[in-house]
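Observations on the model geometry
So you can see what is in the structure, the chains are spelled out below.
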Amino acid sequence: MIVARLALQSLLNRWITVLLTVLAISVSVVLLLGVEKVRSGAKDSFAGTVSGADVVIGARSGAMQLLLYSVFRIGNATNNVTWRSYQDIVSRAEVAWAIPLSLGDSHRGFRVIGTTLDYFEHLQYRGGQTLKFAAGTPFDDLFDVVLGSDVASRLGYSIGDKITVTHSAGSFGPRHDDLPFRVSGILARTGTPVDKSLHVSLKAIEAIHVDWRSGSRIPGQVTPADRLRQMSLPPKAITAAIIGLKARLQVIGFQRAVNEYRAEPLSAVLPGVALQEMWGLVATAETALLGVSAMVVVTSMLGLSAMILSTLNERRREIAILRSLGARPRTVAGLLVGEATVLTVAGIAIGMATLYAVLVVARPIVDKEFGIDIGIQPPSATDALLLLAISIGGMAAGFLPAYRAYRMSLADGMMVRT
Amino acid sequence: MNAQRPTDAVSLRSVEFKWNARDAFGLSVGEFAVSRGERLLLLGASGSGKSTLLSLLTGIALAQAGSLEILGQRLDALGSSGRDRFRAEHFGIIFQMFNLLPYGDVIDNVLLPLSFAPARRTRATAAGGAEGEARRLLSALGLPADIGRRTAATLSVGQQQRVATARALIGSPEIIVADEPTSALDDDRQQNFLDLLFGQVDATNATLIMVSHDRRLARHFTRVIELTDILAPSQREGAAT
């Protein structure tokens with residue numbers, strides 16, 4: 001009891017070096033667990049975005065590319081799927097629902113998606129939730145647009161505002177400014193790319209391109225909005241479609257049917273499988289990151305060991321006094337190992353507190369900037385194992401100084417050498 | 001050789017010791033005994049092997065040859081942790097200076113040896129509670145009552161020496177060993193300190209072994225020995241410190 005209290009007072013007596021050592025350990029803990037949190041947060045986020053979709057179809061291309069441009073809205077499609085092929089495929093018996101997607105236009109950096117009302121009914125995210133409207137209704141008129149929550153909040157739009165759509169994905173492409181859209185609805189936050197999209201009907205996509213050919217305006221031709229409303233404008237092509245099947249077991253057969261579709265080269269991908277493929281690609285980077293974090297932990301442990309070693313000379317007197325009072329060399333060594341352990345555990349505690357504080361502060365920012373929701377959960381079993389490993393490492397860091405002190409206390413005897 | 005008297009607190013015969021095998025210097029003691037209750041002054045210049053002898057007596061170092069008995073117990077019959085325990089229970093040790101753990105408070109410093117010595121703890125507790133006994137000793141040694149919770153580092157050298165003395169005395173160990181305890185004190189304080197120390201040693205009937213280079217202390221002791229007189233002839237030159 002007194003021995004423990006005196007050991008603690010000895011630490012407090014050296015509080016600056018002790019504090020810095022503890023901080024070094026806590027920073028390494030934040031880094032190691034933070035990397036782990038971001039990694040699993042990113043994976044959960046991506047997985048949550050595709051939840052509920054059994055198959056994604058598009059023009060023939062790589063599985064990852066198709067998944068990225070259709071669901072995550074990263075990158076561009078190489079080719080389209082004709083409306084006729086789409087109709088043909090979704091009329092198959094296995095198909096429960098289908099959401100066509102027509103990409104290619106944008107509004108101030110956000111993508112505009114042509115789709116059908118099925119989008120609002122069937123698209124699922126994060127464990128089967130369907131989209132909800134924060135305000136307004138789905139598009140009804142030809143020039144209605146439904147905004148994702150980020151689009152509305154970032155650009156400050158509300159129901160009834162008029163906006164124009166830009167051709168191509170850039171902010172500065174040629175504009176369809178003769179045909180403004182009216183905001184009819186704003187979706188609730190989902191934490192998926194839906195938040196960063198604008199949604200119009202497939203017919204609207206056709207309508208704004210009536211006076212265009214090969215990516216530029218036909219000179220002198222302006223069709224007024226009311227005329228466009230009366231035109232039939234069937235979609236010619238879509239970019240991709242998200243499809244739900246009646247039974248999961250049918251997925252493989254359906255995929256094969258699409259891949260072997262004769263009229264047109266198409267691809268069908270299973271989102272889960274494509275994601276796995278993607279994680280496989282980035283696994284090396286993940287391992288490297290984890291390796292760097294682990295090295296930081298090792299560095300902090302070496303620092304801890306060096307710190308205790310460097311105090312040994314000053315503490316020779318303390319050790320000699322303890323020995324003269326009957327402390328065994330083992331007790332002296334145990335005190336140093338104990339010191340290393342206590343500092344490590346303190347470092348872990350401060351590190352965890354910092355980590356969760358950082359998560360709470362960074363969560364909305366990361367979500368907004370990257371669309372990744374880092375879930376704030378209690379430490380996982382993996383985290384607990386990592387922390388245990390760090391504690392053991394800290395204890396081990398105390399062994400070298402403890403051994404030195406042990407040798408020293410045997411050699412010095414009860415003489416106070418200074 | 002084995003006929004050591006039961007009244008001996010300390011008894012050494014033909015003891016040979018080197019700190020390590022390659023060391024040219026060592027310590028060799030022919031015959032040396034201290035009776036229980038005796039107040040012995042060991043005189044020797046620095047470098048004469050005083051500290052080495054104390055390390056042997058207190059069981060921190062173990063002689064390579066010869067017989068060394070403390071209170072009837074052969075130290076070489078004990079393992080190293082047995083000797084540590086034995087030292088904690090039976091010895092109170094006062095160093096020259098810088099005796100205390102500077103960051104600890106006075107009471108904790110005084111009570112520290114009890115952590116390693118259950119029998120002394122029992123005795124101190126029986127004498128009125130460990131902390132009460134610590135306070136009694138501190139005040140008997142002339143320290144102010146409010147000193148208990150001050151940190152050792154804030155005390156004067158004289159005060160530190162008294163606190164260290166209280167620490168050596170707590171739980172009434174049989175042998176008090178003092179290594180130049182007065183050398184940091186001026187003459188007045190030295191006299192005062194010795195009076196207080198003897199008073200407490202007498203109260204518990206402990207054996208006192210003091211090591212010093214200062215001959216003027218001789219009149220306070222029941223026996224005075226020159227260290228050179230007990231060291232074996234061959235080792236008188238250049239013994240290790």
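Predicted, not measured: the structure shown is a model, and the values here were computed from it.

Rules used throughout
Residues numbered from 1 in each chain as written. Chains lettered and ligands numbered in written order. Predicted model: local features only at pLDDT ≥ 70, side-chain atom pairs only at ≥ 80, totals over all residues. Helix = DSSP H or I, 4+ residues; strand = E, 2+ residues; numbered from the N terminus. Rg over C-alpha atoms; globule rule 2.2 N^0.38 Å. Buried ≥ 20, exposed ≤ 12 C-beta atoms within 10 Å, placed from the backbone. Contact = placed C-beta atoms within 7 Å. Nonpolar A, V, L, I, M, F, W, Y, C, P; charged D, E, K, R; others polar. Core = buried A, V, L, I, M, F, W, Y, C linked by C-beta atoms within 7 Å. Domains from an automatic or database assignment. Pairing = 2+ DSSP bridges. Axes fitted to C-alpha atoms, helices over the stretch in contact; angles between N-to-C directions. Parallel < 35°, antiparallel > 145°, perpendicular 65-115°, else oblique. Left-handed = near helix turned anticlockwise from the far one by under 90°.

Okay, the overall build of chain B next. The helix and strand inventory of chain B stands at eight helices and nine strands. Relative to the globule expectation of 18 Å for 241 residues, the C-alpha radius of gyration of chain B, 18 Å, shows essentially globular dimensions. The C-alpha extent of chain B, read off along each of the three principal axes, is 55 × 35 × 35 Å. Residue burial in chain B is summarised as follows: out of 241 residues, 46% are buried.

Right, let's talk about helix H2 (residues 80-90) of chain B for a bit. Buried within H2(B) are the following residues: B:Arg83, B:Asp84, B:Arg87, B:Ala88, B:Glu89 and B:His90. Each element contacted by the buried residues of H2(B) is listed here: strand E4 (65-70), strand E6 (91-94), helix H4 (118-126) and strand E7 (175-179) of chain B.

Time to look at the interface of chain A and chain B. Between chain A and chain B, the contact holds 21 residues from the first and 25 residues from the second. For the side of chain A that touches chain B, the element with the highest residue contribution is helix H1 (residues 2-13) of chain A, accounting for eight residues. For the side of chain A that touches chain B, the residue count by class is ten nonpolar, six polar and five charged.

Right, let's get into the nonpolar core. Ranked by size, the top nonpolar core spans 108 residues in total, and within it B:Val110, B:Ala134, B:Leu138, B:Ala166, B:Ile170 and B:Val177 carry the most contacts. The leading source of residues in this core is helix H12 (residues 329-370) of chain A, at ten residues. Within the second largest apolar cluster, 60 residues are counted, among which are A:Leu67, A:Leu131, A:Ile186 and A:Ala241.

Residue and element names in this part refer to chain A. A positive phi is found at arginine 73, a non-glycine position, where the angle reads about 60°. Structurally, the position occupied by arginine 73 is in the loop between helix H3 (63-72) and strand E2 (81-82). Judged by the 21 C-beta atoms lying within 10 Å of it, arginine 73 is buried. Positive phi is not limited to glycine here, since leucine 233 has a value of about 45°. Relative to the elements of secondary structure, leucine 233 occurs in the loop between helix H8 (225-230) and strand E15 (237-238). Judged by C-beta crowding, with 18 C-beta atoms within 10 Å, leucine 233 ranks as partly exposed.

The subject of this paragraph is the domain arrangement of chain A. All names here are of chain A. Annotation of chain A at the domain level lists domain 1 (2-46 + 282-412) and domain 2 (55-269). Each of domain 1 and domain 2 was reduced to a C-alpha centroid, and the two centroids are 51 Å apart. Contacts between the two partners involve four residues from domain 1 and, on the opposite side, four residues from domain 2.

To continue, consider the sheet that holds E6(B). All names here are of chain B. With parallel pairing, five strands are arranged side by side in an open sheet as E6-E7-E8-E3-E9. Each edge of the sheet is formed by a strand with only one pairing partner; in this case those strands are E6 and strand E9 (223-226). Here the strands of the sheet are splayed against their neighbours by 15° on average, with no regard to which way each runs. With five bridges joining them, strand E3 (residues 39-43) and strand E8 (residues 207-212) adopt parallel strand pairing. Residue pairing for E8: arginine 39 is matched across the bridge by leucine 208.

Bringing the packing of helix H10 (residues 271-312) of chain A against helix H13 (residues 381-397) of chain A into the picture now. Residue and element names in this part refer to chain A. At a minimum axis separation of 8 Å, H10 and H13 run at an interaxial angle of 30°. By the criterion of interaxial angle, the relationship of H10 to H13 is roughly parallel. Viewed along their axes, H10 and H13 form a crossing whose handedness is right-handed. Residues Val297, Met301, Leu304 and Ser305 of H10 form the contact with H13, whose participating residues are Ile390, Gly393, Gly394 and Ala397. Grouping the constituent residues of the contact of H10 with H13 by class yields five nonpolar, three polar and no charged.

Residue and element names in this part refer to chain A. In contact at an axis separation of 9 Å, H3 and H10 are set at 110° when each is read in the N-to-C sense. Classified by the angle between their axes, H3 and H10 sit roughly perpendicular to one another. Relative to H10, the crossing made by H3 is left-handed. Contacts from Ala63, Met64, Leu67 and Val71 of H3 reach H10 at Pro271, Ala274, Glu277 and Met278. Within the contact of H3 with H10, the residues separate by chemical class into seven nonpolar, no polar and one charged.

Adjacent strands of a sheet form backbone hydrogen bonds with each other and so pair up, either parallel or antiparallel. Residues and elements named next belong to chain B. The strand order E2-E1-E4-E5 describes an open sheet built from four strands, whose pairing is antiparallel. Among the strands making up the open sheet, the edge pair consists of strand E2 (27-35) and strand E5 (73-74). Judged from the two bridges that link them, E4 and E5 form a sheet pairing that is antiparallel. Along E5, the bridge assignment pairs isoleucine 70 with glutamine 73. Seen against the sheet, helix H1 (residues 50-57) touches strand E1 (8-17), E2 and E4 and runs at an angle of roughly 115° to E1.

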